[in-house]
Amino acid sequence: MYLVHWPKSCADDKEWFEKVKQSWELMEELYEQGRVKAIGLSNFLPHHIKPLLETARIRPMVDQLELHVGYMQEYALSFLKKEGILPQAWSPLGRAKLINDKTVSKMAAKYKCTNAALLLRYLNQRGIPVIPKSKSKERMKENIDFLNFRISDDDMSYLSCLPERCWSGEHPDEE
Ligand SMILES: NC(=O)c1ccc[n+]([C@@H]2O[C@H](COP(=O)([O-])OP(=O)(O)OC[C@H]3O[C@@H](n4cnc5c(N)ncnc54)[C@H](OP(=O)(O)O)[C@@H]3O)[C@@H](O)[C@H]2O)c1
């Protein structure tokens, strides 16, 4: 899978769309030549994607966004759903800052799972693929073993409605 990493080189990049359009045309060629299996975007919000959809021959297949409990970018998610573009979650554990969150710990104890498993299962139940990162073999194993329990609808709602937390501070339109 090959992605455009950010829509802009900096927040006030006036030429951003022309650059994205050129990149996308080359990525379409790579896809058509069979050199990559999927092409997509990362950190693109609806207002970055809309102009691309007007000019692209091949629609983006994926948009990799910062998505985790406490930062779910719901407006972007509903736009992606409407357009048939798959969201993928970067920093699904909030760069480990969410691991010791009190609400997460309390709910993980209820489900008798680790805090990381709860965070990953939440995204999985929202239909969002996750890419957690770990240097540790044990934690890598933990991070693919989260399908042996199900979070109730009420707890999914609870986790979806928490106040914002553990945002990375990275945003394509702001310095
Ligand atoms: N597209 C983009 O703009 C973008 C931006 C940021 C990140 N990403 C990608 O997203 C992926 C993950 O993001 P990330 O590394 O920022 O955040 P993350 O996966 O949410 O968090 C990684 C941190 O969590 C710890 N961790 C991992 N598994 C754990 C577990 N089971 N229990 C406790 N701690 C655990 C890791 O420490 P240990 O290593 O010590 O386990 C590391 O400190 C990476 O592949 C990264 O390249 C993409």
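These numbers were taken from a predicted model, which means no experiment stands behind them.

Each value, and the rule that gives it
- Residues numbered from 1 in each chain as written.
- Predicted model: local features only at pLDDT ≥ 70, side-chain atom pairs only at ≥ 80, totals over all residues.
- Heavy atoms only, no water.
- Axes fitted to C-alpha atoms, helices over the stretch in contact; angles between N-to-C directions.
- Helix = DSSP H or I, 4+ residues; strand = E, 2+ residues; numbered from the N terminus.
- Parallel < 35°, antiparallel > 145°, perpendicular 65-115°, else oblique.
- Contact = heavy atoms within 4.5 Å.
- Nonpolar A, V, L, I, M, F, W, Y, C, P; charged D, E, K, R; others polar.
- Buried < 20%, exposed > 50% of the residue type's maximum accessible area, 1.4 Å probe, protein only.
- Near = heavy atom within 4 Å.
- Polar contact = N/O pair within 3.5 Å; in protein donor to acceptor, adjacent residues only side chain to side chain.
- Areas by Shrake-Rupley, 256 points an atom, 1.4 Å probe, with all protein chains shown as cover.
- Core = buried A, V, L, I, M, F, W, Y, C linked by side-chain atoms within 4.5 Å.
- Pairing = 2+ DSSP bridges.
- Right-handed = clockwise from strand over helix to strand, strands pointing away.

Before going further, it helps to examine the packing of helix H5 (residues 115-125) against helix H7 (residues 153-160). Between H5 and H7, the shortest axis-to-axis distance is 11 Å and the interhelical angle comes to 100°. By the angle between their directions, the pair H5 and H7 is classed as roughly perpendicular. For the pair H5 and H7, the contacting residues are Leu-118, Tyr-122 and Gln-125 in the first and Met-156, Leu-159 and Ser-160 in the second. Tallied by class, the residues present in the contact of H5 with H7 amount to four nonpolar, two polar and no charged.

Before going further, it helps to examine unusual backbone geometry. Phi at Ala-96 is positive, roughly 75°, even though this residue is not glycine. Structurally, Ala-96 is set in the loop between strand E4 (86-90) and helix H4 (102-111). Residue Ala-96 is classed as partly exposed on the basis of its relative accessible area, which comes to 48%. In this model, Cys-166 sits at a positive phi of 60°, which is unusual for a non-glycine residue. Take Cys-166: it is sitting in the segment after H7.

Moving on: the site of the ligand. Among the 22 residues in the neighbourhood of the ligand, the closest are listed as Ser-91, Leu-93, Ser-134, Lys-135 and Arg-139. Between a nitrogen atom of the ligand and a side-chain N or O atom of Asn-143, the distance comes to 2.9 Å. Burial of the ligand by the protein chains amounts to 77% of its free accessible area of 910 Å². Its residues assigned to classes, the shell around the ligand shows nine nonpolar, eight polar and five charged.

Moving on, we come to the nonpolar core. Taken as a class, soluble globular proteins show a tendency for nonpolar side chains to be buried jointly. By size, the foremost hydrophobic cluster in this structure holds 47 residues, and its most contacted members are Trp-24, Ile-49, Leu-67, Leu-118, Tyr-122, Ile-151 and Leu-159. Counting residues per element, the ones that place at least two in this core are helix H1 (16-32), strand E2 (39-42), helix H2 (46-55), helix H3 (74-83), H4, H5 and H7. Looking at this core element by element, the count peaks at seven residues for H5. Non-local contacts of Trp-24, meaning those with residues more than four positions away in its chain, are made with Val-4, Ile-39, Gly-40, Leu-41, Leu-52, Ala-56, Ile-58, Arg-59 and Pro-60.

Another point: the pairing of strand E3 (residues 62-66). In terms of burial, E3 is largely enclosed, as five of its five residues are buried. Here E3 shows no split at all, with Val-62, Gln-64 and Glu-66 on one side and Asp-63 and Leu-65 on the other all buried. Bridge count for E2 against E3 is two bridges, and the pairing is parallel. Bridge pairing links Ser-42 to Gln-64 in E3. Inspection of the sheet shows E3 paired to E4 by five bridges, in the parallel sense. Across the sheet, the residue bridging to Glu-66 is Trp-90, located in E4. Assessed by its sense of winding, the connection that carries the chain from E3 through H3 to E4 is right-handed.

This part takes up the environment of Pro-92. With respect to the helices and strands, the residue Pro-92 is situated in the loop between E4 and H4. For Pro-92, a relative accessible area of 2% translates into the label buried. As for Pro-92 and Val-130, which are separated by 38 residues in sequence, their C-alpha atoms are 6.3 Å apart. Ignoring anything within four residues of it in the chain, the contact list for Pro-92 reads Leu-67, His-68, Leu-119, Leu-120, Leu-123, Val-130, Ile-131 and Pro-132.

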